[in-house]
Amino acid sequence: MKLLFTDLDGTLLTDDKTILDIDMKAIEEMLKCGHKLVLCTGRPLTSAKKLAQRYGFDKPGFFLVSFNGGLIYDCATEQSILTRRIPVESVKFIMDEAHKRGMHAHTYAGDLVVSEYETEQLKTYCRLMQMDYAVVDDIREFFGLADVVSGKAPTAPINVVVKPPIKVNIITPFDHSSLVDFRTEMRKTTEGKLFDVFSKPEMLEFSHMQSNKGDAVRFMANFYKVPLSDTIAVGDEENDCTMIEAAGVGIAMANASEVAKSVANYVTNADNNHGGIAEIVHKFVIKCILIPNIPSWNNLRIFF
C-alpha cells in the first residue's frame with residue numbers, strides 16, 4: 001500500500017477550484033488497488049470538509065490534514081485524531097503587529113473565521129473558503145480571556161465552542177516583500193515558538209512548531225504502519241515543502257513555486273489544470289499496462 005498526500009489549491013484543484021475528470025479517474029483507480037489518498041491543505045477544516053463532501057472523500061478510510069497539519073480529521077469517526085493549538089496571546093501579538101502595518105489578520109474558532117477588523121481581504125477569503133466570519137473588539141476576549149482584557153464576559157456566539165486557536169493568517173494588500181519583511185520582524189519574537197510559512201505569496205501563516213505538512217506525513221505513515229519510502233507527496237507552494245521533503249517521493253507541480261521545485265525529487269510535466277495528479281498516480285502510485293489491439297478487451301488495464 002502506498003500513501004499519496006496531495007495539496008489542494010494549485011495541486012489537486014484547478015485554478016477554478018474543481019478536480020479534473022482525468023485526475024478523479026486516476027484517484028479512483030489507485031483507491032481500487034488498495035492505496036490511500038490523504039488531502040493536505042492549509043485550509044481550515046470546515047472548508048476542507050466541504051470539498052471532501054463534494055468529491056466523495058468524506059467516507060471511512062479518508063483523512064483530512066487541515067490548517068497545514070494543525071488538525072488531522074478522521075472522516076470515519078468525524079473526529080480529530082491530532083490537534084495542535086497555539087496561545088491566544090501569541091495570536092493577539094501577531095495580529096496587532098500586522099494591523100500596525102496595514103495588513104489583514106485573522107484566526108479561527110469552530111466554523112468561523114475571526115478578525116478584529118472587517119477588511120476586503122477578510123471578505124474575499126471567506127467567500128473563497130465558503131465560511132462565515134465574526135469581527136470582534138479583542139481576540140483575547142473572544143477566546144474567553146476576559147480577565148486579561150477588562151473583566152467583561154466572553155463575546156463568542158453561544159453556538160460556538162471556543163478553544164484556543166490553531167493558527168493565525170496574515171494577508172497583505174501590498175507586494176510579497178512586505179510579508180517577507182514582516183516575517184523577519186516577527187521571528188525576533190516567535191522563532192523557536194511558532195512555525196511560519198507562506199501558503200501563497202500574499203498569505204503568511206503562524207502555527208504550532210509541529211503544525212506542518214511534513215509532520216503530518218510522518219504521523220499518517222506511522223498511523224498506517226507504512227514506511228516513508230512508500231509515501232508520495234505533491235504540492236506547489238512553500239507550505240508544501242516540508243511534506244515534499246518528508247515523503248519517500250516528493251513532487252512539485254509544473255505550476256509550483258521555485259522554492260517548492262527546489263526541494264522536489266520530481267516536477268510534473270502537466271500542471272494542475274492539465275492532469276498533473278493523474279501523471280503522478282500512474283508514474284509513482286500504480287503501475288499500469290494498457291493491453292492494445294484486443295477487440296474484446298478494449299481499454300483493459302492491468303494494475304499491480
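Note that the structure is a prediction, hence the values are computed from the model and not measured. Residue positions are counted from 1 within each chain, in the order its sequence is given. In keeping with the predicted nature of the model, local features appear solely for residues at pLDDT of at least 70, side-chain atom pairs appear and are counted solely at 80 or more, and the whole-chain, interface and lining totals rest on all residues. Heavy atoms from the whole structure form the basis of all side-chain values; hydrogens and water molecules are not counted.

Draft legend 1. Summary view of the sheet that holds strand S10 (residues 194–200). A pair of strands is considered paired only if DSSP assigns at least 2 bridges between the two. By the criteria applied, helices consist of DSSP H or I runs no shorter than four residues and strands consist of E runs no shorter than two, each listed in order from the N terminus. Reading across the sheet, the six strands line up as S8-S7-S6-S9-S11-S10 and stay open at both edges, with mixed pairing between neighbours. Of all the strands in the sheet, the pair left with one neighbour each is strand S8 (132–135) and S10. Recorded for the sheet is a direction-independent mean angle of 30° between the axes of neighbouring strands. When S10 meets strand S11 (residues 203–208), the two strands line up antiparallel, connected through six bridges. What sits directly across from Val-197, in S11, is Glu-205. When checking whether two residues touch, look at their non-hydrogen atoms; a contact exists if any pair is within 4.5 Å. Only the contacting stretch of a helix is used when fitting its axis, a line to C-alpha atoms as for every element, and angles between N-to-C directions run 0 to 180 degrees. Strands strand S9 (167–171), S10 and S11 of the sheet are contacted by helix H7 (residues 176–190), whose axis makes an angle of about 170° with S10.

Draft legend 2. Quick peek at the confidence of the model for the protein chain. In this model, the protein chain carries a mean pLDDT of 91, and residues with pLDDT of at least 70 account for 88%. Values of pLDDT, which run from 0 to 100, indicate the predictor's confidence residue by residue. Residue range residues 146–161 is modelled with pLDDT below 50. Its contacts to residues more than four positions away, or to other chains, number 23 contacts.

Draft legend 3. Seen up close, the nonpolar core. Core analysis: the biggest nonpolar cluster contains 46 residues, and Leu-4, Phe-57 and Ile-280 have the highest contact counts within it. Elements that contribute at least two residues to this core include exactly helix H1 (21–32), strand S2 (36–40), helix H2 (45–55), strand S4 (71–74), helix H4 (120–129), strand S12 (231–235), strand S13 (249–252) and helix H11 (276–285). Among the elements that make up this core, the one with the highest residue count is H11 (six residues). Residues in contact with Phe-57, not counting those within four places in the same chain, are Leu-12, Ile-19, Met-24, Ile-27, Leu-37, Leu-39, Ala-52, Phe-62 and Cys-75. One finds Val-91, Ala-109, Val-114 and Phe-182 within the second-largest nonpolar core, a separate group that totals 25 residues. Only buried residues count toward a nonpolar core, which is a set of Ala, Val, Leu, Ile, Met, Phe, Trp, Tyr and Cys residues joined through side-chain atoms within 4.5 Å. Each residue is assigned to one of three classes by its accessible area relative to the maximum for its type, calculated with a 1.4 Å probe on protein chains only: buried under 20%, partly exposed between the two thresholds, exposed over 50%.

Draft legend 4. Geometry of helix H3 (residues 88–100). In this model H3 runs 18 Å from its N-terminal to its C-terminal C-alpha over 13 residues, within 8% of the 18 Å that 1.5 Å per residue would give. Those residues of H3 not exposed but buried are Val-88, Val-91, Lys-92, Ile-94, Met-95, Glu-97, Ala-98 and His-99. Phi turns positive, to about 75°, at Gly-102, one or two residues after H3. A helix's residues, less one, multiplied by 1.5 Å, set its expected span.

Draft legend 5. Region of the structure containing the sheet that holds S13. Taken in spatial order, the eight strands line up as S5-S4-S3-S2-S1-S12-S13-S14 in an open sheet, and their pairing is mixed. Every interior strand has two partners, whereas the edge strands, strand S5 (79–83) and strand S14 (266–267), have only one. Sheet topology note: the S13/S14 ladder contains two bridges and is parallel. Opposite Ile-251, over in S14, you have Tyr-266 as the bridge partner. Relative to the sheet, H1 contacts strand S1 (3–6) and S2, its axis offset from that of S2 by approximately 130°. The strands touched by H2 within the sheet are strand S3 (63–66) and S4, with S3 carrying the most contacts at an inclination of about 145°.

Draft legend 6. Seen up close, the environment of Thr-83. Its place among the elements puts Thr-83 in strand S5. A relative accessible area of 31% places Thr-83 in the partly exposed class. Along the backbone, Thr-83 and His-208 are 125 residues apart, and their C-alpha atoms lie at a distance of 9.8 Å. Not counting residues within four places of it along the chain, the set of residues in contact with Thr-83 comprises Gly-70, Leu-71 and Ile-166. Separated by 2.6 Å, the side chains of Thr-83 and Ser-80 make a polar contact. Whenever two N or O atoms come within 3.5 Å, that pair is a polar contact, provided that in protein one can donate a hydrogen and the other can accept it, and provided that, for residues adjacent in sequence, both atoms are side-chain atoms.

Draft legend 7. Main features of unusual backbone geometry. One non-glycine residue with positive phi stands out, namely Asn-68, at about 60°. Relative to the helices and strands, Asn-68 is located in the loop between S3 and S4. For Lys-225, which is not glycine, the phi torsion reads 60° and is therefore positive. Position of Lys-225 relative to the elements: it lies in the loop between helix H8 (213–224) and S12. Note on Lys-225: relative accessible area 67%, which makes it exposed.

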